[in-house]
Amino acid sequence: MMWKSSAAFAMVMLAGQAMAQDVVGIEICTAEKTMERRTSCLQSNVNFLMRTLSKQAQEHQQKIDAANRQIDALKAAVVSLQTKVGKLEAAAAPPAAKPKEPAAKQ
């Protein structure tokens, strides 16, 4: 059973390496010889990724906020147009038939 999990782990690692891609700003830490330098390199990568994620989250939130403001403005425009259409339809509708008044007696 142990060899199956090891084989699965190895397959995942190989697949991960095959799908890996270069990321601008990420350092290659495998070239470092000492554990302290490798740890420092990895921590630098983590910090870089955290800053990048924070920056992207902020940018996306700003885009979402702008889209929500635009949606609110469009909703207000639709309500205004619906009101105007209602008024125009009421004005264009034929007047309701008025009951005839009895003829005046002479």
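Residues numbered from 1 in each chain as written. Predicted model: local features only at pLDDT ≥ 70, side-chain atom pairs only at ≥ 80, totals over all residues. Heavy atoms only, no water.

A.B. asks: Help me get a handle on the overall build of the chain, residues and values and all.
C.D. replies: Along the backbone of the chain there are 2 helices and 0 strands. Scored against the burial criterion, the 106 residues of the chain give a buried share of 4%. Approximately 10200 Å² of the chain is accessible, and the part contributed by carbon and sulfur atoms is 64%. (Helix = DSSP H or I, 4+ residues; strand = E, 2+ residues; numbered from the N terminus. Buried < 20%, exposed > 50% of the residue type's maximum accessible area, 1.4 Å probe, protein only. Areas by Shrake-Rupley, 256 points an atom, 1.4 Å probe, with all protein chains shown as cover.)

A.B. asks: Would you mind going over the pattern of salt bridges in detail, with residue names and values included?
C.D. replies: In total, this model carries 1 salt bridge according to the counting rule given. A salt bridge links Glu32 to Arg37; the nearest nitrogen and oxygen atoms lie 2.7 Å apart. (Salt bridge = Lys/Arg side-chain N within 4 Å of Asp/Glu carboxyl O.)

A.B. asks: Describe the side chain of Glu32, naming the residues involved and giving the relevant values.
C.D. replies: Relative to the elements of secondary structure, Glu32 occurs in the loop between helix H1 (2-19) and helix H2 (35-92). Overall, the relative accessible area of 19% leaves Glu32 in the buried class. A polar side-chain atom of Glu32 sits 2.7 Å from a polar atom in the side chain of Arg37. Ignoring sequence-local partners within four residues, the contact set of Glu32 consists of Arg37, Arg38 and Cys41. (Polar contact = N/O pair within 3.5 Å; in protein donor to acceptor, adjacent residues only side chain to side chain. Contact = heavy atoms within 4.5 Å.)

A.B. asks: Report on a nonpolar patch on the surface, specifying residues and quantitative values.
C.D. replies: There is a patch of nonpolar side chains on the surface, built from Val46, Met50 and Leu53 and spanning about 290 Å² of accessible area. For Leu53, the location among the structural elements is in helix H2. You can call Leu53 exposed: its relative accessible area is 54%. (Patch = residues over 30% accessible without salt bridge, like charges linked within 9 Å, V, L, I, M, F, W, Y side chains within 5 Å.)

A.B. asks: Give a description of the state of the cysteines that names residues and reports values.
C.D. replies: Using the criterion set out here, one finds 1 disulfide in the structure. Here Cys29 pairs with Cys41 through a disulfide, and the sulfurs are 2.1 Å apart. Judged by the sign of its S-S torsion, about -80°, the bond between Cys29 and Cys41 is left-handed. Placement of Cys29 in the loop between H1 and H2 and of Cys41 in helix H2 is noted, with a sequence separation of 12 residues between them. (Disulfide = S-S within 2.5 Å.)

A.B. asks: So what's going on with the side chain of Asn45? Which residues, and what values?
C.D. replies: Note that Asn45 resides in helix H2. Asn45 gets classed as buried once you look at its relative accessible area, which sits at 8%. If sequence neighbours within four positions are ignored, Asn45 has contacts with Gly25, Ile26, Glu27 and Cys29.

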